[in-house]
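# Structural features, examined
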Amino acid sequence: MNYSYWTEKEIECKVYSSFDSKAGVRIFRIWDINNCIPKPDKLLAQPEIQINSSWEKAYFNRIWGKKYDPQGKGCWLKQKKSKYFKMETGYHRFKVRYILSQNRN
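Presented here is an overview of the structure given in this document. (Residues numbered from 1 in each chain as written. Predicted model: local features only at pLDDT ≥ 70, side-chain atom pairs only at ≥ 80, totals over all residues. Heavy atoms only, no water.)

### Some words on the pairing of strand S4 (residues 54-57)
Put simply, the rule reads: By this definition, two strands are paired if DSSP reports at least two bridges between them. Secondary structure elements are defined from DSSP: runs of H or I of at least 4 residues count as helices, runs of E of at least 2 residues count as strands, and each element is numbered from the N terminus.
Looking at chain direction, strand S3 (residues 43-51) and S4 are connected through four bridges and run antiparallel. Residue pairing in the sheet places Ile51 in a bridge with Ser54 of S4. Connecting the antiparallel pair S3 and S4 is a turn made up of two residues, with Asn52 showing a positive phi of about 50°.

Here it is, written out as structure tokens:
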């Protein structure tokens, strides 16, 4: 198999937050609303998003993410639940990285 290396870039994401009263923490949802990260069938490895100098895995959401995808397939999402993490709702820039599979077009 022939694979490429990590592709790393900065993208704009939409951040929403809500309060989880059961857990007593805020949940932050970071969406790749501009579809900058390729769809799962084009990737070798799960994409990661950099939050506070740490790389964390993003997940492809095929349910709520459909509203952010013109093709209706879904969108990448990172959920962050923490008492210590804070971020304003709105648009923010994040570094993301992923590995494209060269065997797939």
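### Thoughts on the side chain of Asn61
The condition is simple: Here the term buried applies to any residue with accessible area under 20% of the maximum for its type, exposed to any over 50%, and partly exposed to those in between, with areas from a 1.4 Å probe on protein chains only. The definition of a polar contact used here is a pair of N or O atoms within 3.5 Å, where within protein one atom must be able to donate a hydrogen and the other to accept one, and adjacent residues in sequence count solely through side-chain atom pairs. Between two residues, a contact is recorded if the distance between any of their heavy atoms is within 4.5 Å.
The topology assignment puts Asn61 in strand S5 (residues 59-61). According to the relative accessible area criterion, Asn61 is buried, its value standing at 12%. For Asn61, the side chain forms a polar contact with the main-chain nitrogen of Gly65, separated by 3.1 Å. Apart from the residues within four sequence positions on either side, Asn61 is in contact with Trp31, Lys66, Gly74, Cys75 and Leu77.

### What to know about the nonpolar core
Here is the rule: We call a set of buried residues a nonpolar core when its members are Ala, Val, Leu, Ile, Met, Phe, Trp, Tyr or Cys and they connect through side-chain atoms within 4.5 Å of each other.
Residues Cys13, Ile30, Ile37, Ile49, Ile51, Trp76 and Phe94 are the most contacted members of the largest nonpolar core, which totals 16 residues. Contributing elements (two or more residues each) for this core: strand S1 (3-20), strand S2 (25-31), S3 and strand S7 (90-101). Not counting residues within four places of it along the chain, the set of residues in contact with Ile51 comprises Ile30, Glu56, Lys78, Lys80, Phe85 and Phe94. Counting five residues, the second-largest nonpolar core is a separate cluster that includes Trp31, Ile33, Tyr68 and Leu77.

### Digging into the side chain of Lys39
Structurally, the position occupied by Lys39 is in the loop between S2 and S3. A polar contact is formed between the side chain of Lys39 and the side chain of Asn35, at a distance of 3.2 Å. Once residues lying within four places of it in the same chain are set aside, the contact partners of Lys39 are Phe60, Asp69, Gln71, Lys73, Gly74 and Trp76.

### Re unusual backbone geometry
Backbone geometry at Asn35 places phi at a positive 55°, although glycine is not the residue there. You can call Asn35 partly exposed: its relative accessible area is 24%. A positive phi angle is found at Ser53, which is not glycine, with a value near 70°. Here Ser53 shows up in the loop between S3 and S4.

Function-wise, these values are silent; they only describe arrangement.
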